[in-house]
Amino acid sequence: MLTQLSRVLSRPTLLLSSLLLSSAVVATTPIASLEQAISNNPLRSAANMARDQYRNPLPTLQFFDVTPQATVVEISPGGGWYTEILAPLLAEQGVYYAAHFPASAEGYGQRSRQAFVEKLSANPAYSKVKLTEFAPRPGIEIAPAGSADVVLTFRNLHNWYMAGGEEAMLTAFAHFYTALKPGGVLGIVEHRLPETQLDTDWTRSGYMPESLTIKLAEQAGFTLEARSEINANPKDTADHPGGVWTLPPTLRLGEQDRDKYLAIGESDRMTLKFRKPATP
C-alpha cells in the first residue's frame, strides 16, 4: 500500500519536473536567423511583440548590419525589449553585451538594473549575456576596446542630453567609438524633433534634433553612412503637453485625450547608421 501511494504522490512531481525541463529546452533552442528571433522566438512576451508595429525590429536590425555572428553592444537595454531578440540570436555564434545602469546606480537606475538582472537569471536562454555598465561619464567600459561589430542605442539620447547636454552625449559617443572595431556600426534610433521646432523649448520634451545628433556623432569621429525612415511616424507632431511621454506606451495624461494619442501611436523616430572609420 505504501509503495502504491508513493507512486501516486510522485506523479505530479515527475510531471512538474518534465514540464520544467521541457520549458528549459524550448527556451534554449538555438535561434538560426534574425527573422526567427523576431517572429518565432519563445522568449518574446506578447506585450513586447505587440509593439513591433512601432519599433520595427526586423528592418531596423537589418539596417544596422546585425547578424547571428556579430558582437553587439546594446546601450541601456531597460527592461530587455531588444534583449529578448538579441540574446538568443547571438548566443551560438555571436556575443551580446548589455550595457545597463552601473551597479552603483541609485533610485530608478538601481531598480531598473535589478529587474534586468532578475530577468536574466530567470531563464537559461540568457546565460551567455554579458552584463556590463554604461553611463555618459568617463571611466566606463561597455565592452573591451575594439571588440564590437555593432553598438546600438534605442531612444536614449534625450536622457543624456537632459542630464548633461552636449558634453554628456560626446562622452557617450566616445565610449561607443572605443568599443567598436574599425569599420564597426553605431546604430541610433531616437525620438525626432522637427527641425522647425528648434527655436522652441524642446530640451525637456524627450525629442532630439536629428541635425544635432549627426553633428555630435561626427564630432566624436563617426561618419554618417545612411538614414532610414523605418521608424518614422508622420502623425506625431512632437509638441504634446507631456512631451513624448504623452504618447503610448506611457500615456502620461492618463484618460485625457487617450483615444487621440492612441490614434497617433508611438513617436516619430530618426534611424541613423554611423560607421567608425576603418582606418584612422
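Residues numbered from 1 in each chain as written. Predicted model: local features only at pLDDT ≥ 70, side-chain atom pairs only at ≥ 80, totals over all residues. Heavy atoms only, no water.

Undergrad: Sorry, what's going on with the side chain of Gln197 here?
TA: For Gln197, the position within the fold is in the loop between β5 (180–193) and β6 (208–209). With a relative accessible area of 14%, Gln197 lands in the buried category. Side-chain polar atoms of Gln197 contact the backbone oxygen of Thr237, separated by 2.8 Å. (Helix = DSSP H or I, 4+ residues; strand = E, 2+ residues; numbered from the N terminus. Buried < 20%, exposed > 50% of the residue type's maximum accessible area, 1.4 Å probe, protein only. Polar contact = N/O pair within 3.5 Å; in protein donor to acceptor, adjacent residues only side chain to side chain.)

Undergrad: Any chance you could explain the packing of helix α8 (residues 157–179) against helix α9 (residues 210–219) here in plain terms?
TA: Two quantities define a packed helix pair, namely the angle between the helix axes and the distance between the axes. The interhelical angle for the contact between α8 and α9, taken along N-to-C directions, is 30°, at an axis separation of 8 Å. By the angle class used here, α8 and α9 are roughly parallel. Contacts between α8 and α9 pair Leu157, Tyr161, Glu166, Met169, Leu170 and Phe173 from the former with Leu212, Thr213, Lys215, Leu216, Ala217 and Gln219 from the latter. Residues belonging to the contact of α8 with α9 are distributed by class as follows: eight nonpolar, two polar and two charged. (Axes fitted to C-alpha atoms, helices over the stretch in contact; angles between N-to-C directions. Parallel < 35°, antiparallel > 145°, perpendicular 65-115°, else oblique. Contact = heavy atoms within 4.5 Å. Nonpolar A, V, L, I, M, F, W, Y, C, P; charged D, E, K, R; others polar.)

Undergrad: Could you clarify how one ought to interpret the packing of aromatic side chains in this entry?
TA: How two aromatic rings sit relative to each other is given by the distance of their centres and the angle of their planes. This structure, assessed with the given rule, holds 10 aromatic pairs. Residues Phe63 and Phe64 carry aromatic rings whose centres are separated by 5.5 Å and whose planes lie at 50° to one another, so their mutual orientation is tilted. Considered together, Phe63 and Phe64 belong to a single accessibility category, that of buried residues. Between Tyr82 and Phe154, the aromatic rings sit 4.0 Å apart at their centres with planes inclined by 10°, giving stacked as the arrangement. Highlighted residues: Tyr82 in the loop between β1 (71–75) and α6 (83–90) and Phe154 in strand β4 (residues 148–154), separated in sequence by 72 residues. Under the relative-accessibility criterion, Tyr82 is labelled buried at 2%. Three or more aromatic residues joined by ring pairs form one cluster here, namely Phe134, Trp160, Phe173 and Phe176. If you follow Arg44 out to its NZ or CZ, it ends over the ring of Trp81, 5.1 Å from the centre. Positioned above the aromatic ring of Trp81 is the side chain of Arg55, whose terminal nitrogen or guanidinium carbon lies 4.2 Å from the ring centre. (Phe/Tyr/Trp six-rings, centres within 6.5 Å; stacked < 30°, edge-to-face > 60°. Lys NZ or Arg CZ within 6 Å of the ring centre and 35° of its normal.)

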